[in-house]
Amino acid sequence: MSTSMLSVQGLGMQFGGLKALADVTMEVKQGEFVGVIGPNGAGKTTFFHAISGVHVPTSGTVRIDGRELQGRSPDAFCRAGVARTFQTPRIFGDMTVLENVRFAFLFGNQGGDVSLVDKVIGETHLATLRSEVAGALPPARQRQLEIAMALVTAPRLLLLDEVAAGLTEGEVEDVARLIRHLHDSYGLTVVWIEHAVRTLMKTVDRVAVLNFGQLLADGTPAEIAANPKVISAYLGDEVVE
Ligand SMILES: Nc1ncnc2c1ncn2[C@@H]1O[C@H](COP(=O)(O)OP(=O)(O)OP(=O)(O)O)[C@@H](O)[C@H]1O
Ligand SMILES: [Mg+2]
């Protein structure tokens, strides 16, 4: 039986009178690559916060690899194998690329094999930039660094929040290729929030659509692209192949 890496049931998140998430139920199996799309304010980042320990959800359960973890600390989620990036990059701007990746390794992968630092720097195409100060890197390189910092914790579930935001079309394609490669070569389970729908649809295996805090649809890219509810809520005239 294939196991759920992530199992979310009846997840709700209320901020005062605002329901940022309402009764979201979703399963992500081990090794799946799932995209999450939806309009601004749909609850995508809140969803990540609730499944990585940043927020204590108002209701519902969050299981990581079968273990119930809702309300536990980010550290507990990290130990369970969850790593994530943030919509606004959280890198140390005055440290070098290597120092940033080493820092993430030391705090997120205690007891791990240190050779992973060099391996990950190479695989995220940062080898020639290892001595550069992170804050001076162009946005696309900073996104690669964030991915490297998540990857060096040796996660089983990788959550990516708009790692392609603010990049050129070519850079968006590059980062999508990189994520797909990392998914395939590390055997990762990946959930990727992104507004670059066309690229996302070509890259992922499954797409979940959030709208007003609710799961509007969940299916293959082809099913989602043809779903009238999704077209009217989000895709509009966007051409998705
Ligand atoms: N800490 C908070 N306190 C109050 N309201 C919040 C908080 N965090 C998010 N919200 C609200 O919850 C809703 C969902 O926000 P969220 O950031 O999850 O959306 P999103 O889908 O990630 O949007 P975007 O595509 O713009 O990143 C929004 O209305 C937002 O203003
Ligand atoms: Mg967001």
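Everything below is about the structure shown above.
All values reported here derive from a predicted model rather than from experimental measurement. (Residues numbered from 1 in each chain as written. Chains lettered and ligands numbered in written order. Predicted model: local features only at pLDDT ≥ 70, side-chain atom pairs only at ≥ 80, totals over all residues. Heavy atoms only, no water.)

1. Comments concerning the nonpolar core
In this structure, I37 and W192 are the most contacted members of the largest nonpolar core, which totals 49 residues. With seven residues, helix α5 (residues 139-151) is the single largest residue contributor to this core. Ignoring sequence-local partners within four residues, the contact set of W192 consists of F33, V34, G35, V36, L160, V163, A176, I179, L200, T203 and V204. The next biggest cluster of nonpolar side chains, apart from the first, holds 28 residues, and it includes F48, I51, V62 and L210. (Core = buried A, V, L, I, M, F, W, Y, C linked by side-chain atoms within 4.5 Å. Buried < 20%, exposed > 50% of the residue type's maximum accessible area, 1.4 Å probe, protein only. Helix = DSSP H or I, 4+ residues; strand = E, 2+ residues; numbered from the N terminus. Contact = heavy atoms within 4.5 Å.)

2. Observations concerning the pattern of salt bridges
In total, this model carries 11 salt bridges according to the counting rule given. Measuring nitrogen to oxygen at the nearest pair gives 2.7 Å for the salt bridge that ties D174 to R177. Linking D174 with R177, this pair stays in helix α6 (residues 169-186), spanning three residues, or about one helical turn. Residue D174 is classed as partly exposed on the basis of its relative accessible area, which comes to 42%. It is possible to trace a salt-bridge network through shared partners that takes in E32, R206 and D218. (Salt bridge = Lys/Arg side-chain N within 4 Å of Asp/Glu carboxyl O.)

3. Section: the packing of helix α4 (residues 115-123) against α6
Packing of α4 against α6 brings their axes to within 11 Å, and their N-to-C directions diverge by 140 degrees. Between α4 and α6, the angle is such that the two are oblique. The residues of α6 that touch α4, namely those facing L116, K119, V120 and E123, are L178, H181, L182, S185 and Y186. Of the residues contributing to the contact of α4 with α6, the split by class is five nonpolar, two polar and two charged. (Axes fitted to C-alpha atoms, helices over the stretch in contact; angles between N-to-C directions. Parallel < 35°, antiparallel > 145°, perpendicular 65-115°, else oblique. Nonpolar A, V, L, I, M, F, W, Y, C, P; charged D, E, K, R; others polar.)

4. Focus: the sheet that holds strand β8 (residues 189-193)
Taking strand neighbours across the sheet as the criterion, the six strands line up as β6-β7-β8-β3-β9-β10 in an open arrangement whose pairing is mixed. Both outer strands of the open sheet, β6 (82-84) and β10 (214-219), are each paired with one neighbouring strand and no more. Between one strand axis and the next, the sheet turns by 20 degrees as a mean value, whatever way the strands run. Note: strand β7 (residues 157-161) against β8, five bridges, orientation parallel. What sits directly across from L158, in β8, is V190. The strands that helix α9 (residues 228-235) touches are β3 (33-37), β9 (206-211) and β10; relative to β10, the one it contacts most, it runs at about 125 degrees. (Pairing = 2+ DSSP bridges.)

5. Regarding the environment of Q142
Note on placement: Q142 falls in helix α5. Of the residues examined, Q142 reaches a relative accessible area of 16% and is grouped as buried. If we skip the residues at most four places from it in the chain, Q142 touches I91, A134, G135 and L137. In terms of polar contacts, Q142 uses its side chain to reach the backbone carbonyl oxygen of L137, at 3.1 Å. (Polar contact = N/O pair within 3.5 Å; in protein donor to acceptor, adjacent residues only side chain to side chain.)

6. Observations concerning the site of ligand 1
In the region of ligand 1, 14 residues are neighbours, and G41, K44, T46, Q87 and H195 sit closest. Note that an oxygen atom of ligand 1 is positioned 3.1 Å from one of the backbone N or O atoms of A42. Separating an oxygen atom of ligand 1 from a side-chain N or O atom of K44 is a distance of 2.7 Å. Bound to the protein, ligand 1 loses 63% of the 640 Å² it would expose on its own. Put simply, the parts of the chain that give the shell around ligand 1 at least two residues each are β2 (18-29) and α1 (44-50). (Near = heavy atom within 4 Å. Areas by Shrake-Rupley, 256 points an atom, 1.4 Å probe, with all protein chains shown as cover.)

7. Side note on the sheet that holds strand β4 (residues 59-64)
One open sheet holds the four strands; their spatial order is β2-β1-β4-β5, and the pairing between them is antiparallel. The open sheet has two free edges, formed respectively by β2 and β5 (67-68), since each of these has just one partner strand. Bridge count between β4 and β5: two bridges; the pairing is antiparallel. Note on β5: the bridge partner recorded for I64 is R67.

8. A closer look at the side chain of T61
Summarising the element assignment, T61 is placed in strand β4. Setting aside residues up to four positions removed in sequence, T61 forms contacts with S7, V8, Q9, E68 and Q70.

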